[in-house]
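Each chain, letter by letter, is given below.
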Amino acid sequence: MLPRIPFIDFDDDGPSDTWSKWGMGVAVPAAIGCYGISRMLWRDVMLYGRRGVRMPLSGWDAVAFGIVILSVALFMHARYFMAHSKTMSDYAELGKIVALLAGIASIGFVVVRNFTLL
């Protein structure tokens with residue numbers, strides 16, 4: 001049996017109170033999703049690291065970054081809202097898995113295109 005890691009445990013759903021369902025399951029993912037869509041439409045992102053190091057992303061890299069942000073929003077929506085809805089609770093696990101796969105694939109896309117191994 002694998003150890004239980006709270007942020008990876010698919011069986012663990014968020015709390016079912018009103019704030020968690022509508023705030024963390026609808027409002028926050030909507031705001032995060034709007035940012036992700038804006039990065040996909042404008043195709044320009046500036047990531048900041050330690051000591052002022054900047055990493056500009058443009059074109060398809062910015063689109064992939066927007067997909068990562070949308071994946072975070074989908075994961076939050078599936079965990080906090082869909083899991084506690086009567087009609088969508090069966091699809092909450094699928095939503096989490098799709099969000100994680102899309103996020104990992106998009107991060108991989110950005111890493112492969114921006115970092116050379118040679």
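Above: the structure in question.
The structure presented is a predicted model; accordingly, all values stated were derived computationally and were not measured.

Engineer: With reference to specific residues and values, describe unusual backbone geometry.
Structural biologist: A positive phi angle is found at R43, which is not glycine, with a value near 50°. Structurally, R43 can be placed in the loop between α1 (18–42) and β1 (44–48).

Engineer: Quick one: what's the story with the environment of R43, residue by residue and with numbers?
Structural biologist: Of the residues examined, R43 reaches a relative accessible area of 37% and is grouped as partly exposed. The spacing of R43 and F65 is 22 residues in sequence and 9.3 Å in space, taken between C-alpha atoms. Apart from residues no more than four positions distant in its own chain, R43 is found in contact with L57, S58, G59, W60, A62 and V63.

Engineer: Give a detailed account of the nonpolar core, specifying residues and quantitative values.
Structural biologist: Core analysis: the biggest nonpolar cluster contains 7 residues, these being V45, L57, A62, A64, F65, I69 and V110. Top element by residues in this core is helix α2 (residues 60–80). It accounts for 4 residues. Excluding residues that lie within four positions of it along the chain, A64 makes contacts with S106, F109 and V110.

Engineer: Let's hear about the packing of α2 against helix α3 (residues 92–114): which residues, and what values?
Structural biologist: Close contact between α2 and α3 brings their axes to 8 Å; oriented N to C, the two are set at 160°. If you check the angle between α2 and α3, you find them roughly antiparallel. Between α2 and α3 the crossing geometry is left-handed. A per-class count over the contact of α2 with α3 returns 16 nonpolar, 5 polar and 4 charged.

Criteria and cut-off values
Residues numbered from 1 in each chain as written. Predicted model: local features only at pLDDT ≥ 70, side-chain atom pairs only at ≥ 80, totals over all residues. Heavy atoms only, no water. Helix = DSSP H or I, 4+ residues; strand = E, 2+ residues; numbered from the N terminus. Buried < 20%, exposed > 50% of the residue type's maximum accessible area, 1.4 Å probe, protein only. Contact = heavy atoms within 4.5 Å. Core = buried A, V, L, I, M, F, W, Y, C linked by side-chain atoms within 4.5 Å. Axes fitted to C-alpha atoms, helices over the stretch in contact; angles between N-to-C directions. Parallel < 35°, antiparallel > 145°, perpendicular 65-115°, else oblique. Left-handed = near helix turned anticlockwise from the far one by under 90°. Nonpolar A, V, L, I, M, F, W, Y, C, P; charged D, E, K, R; others polar.

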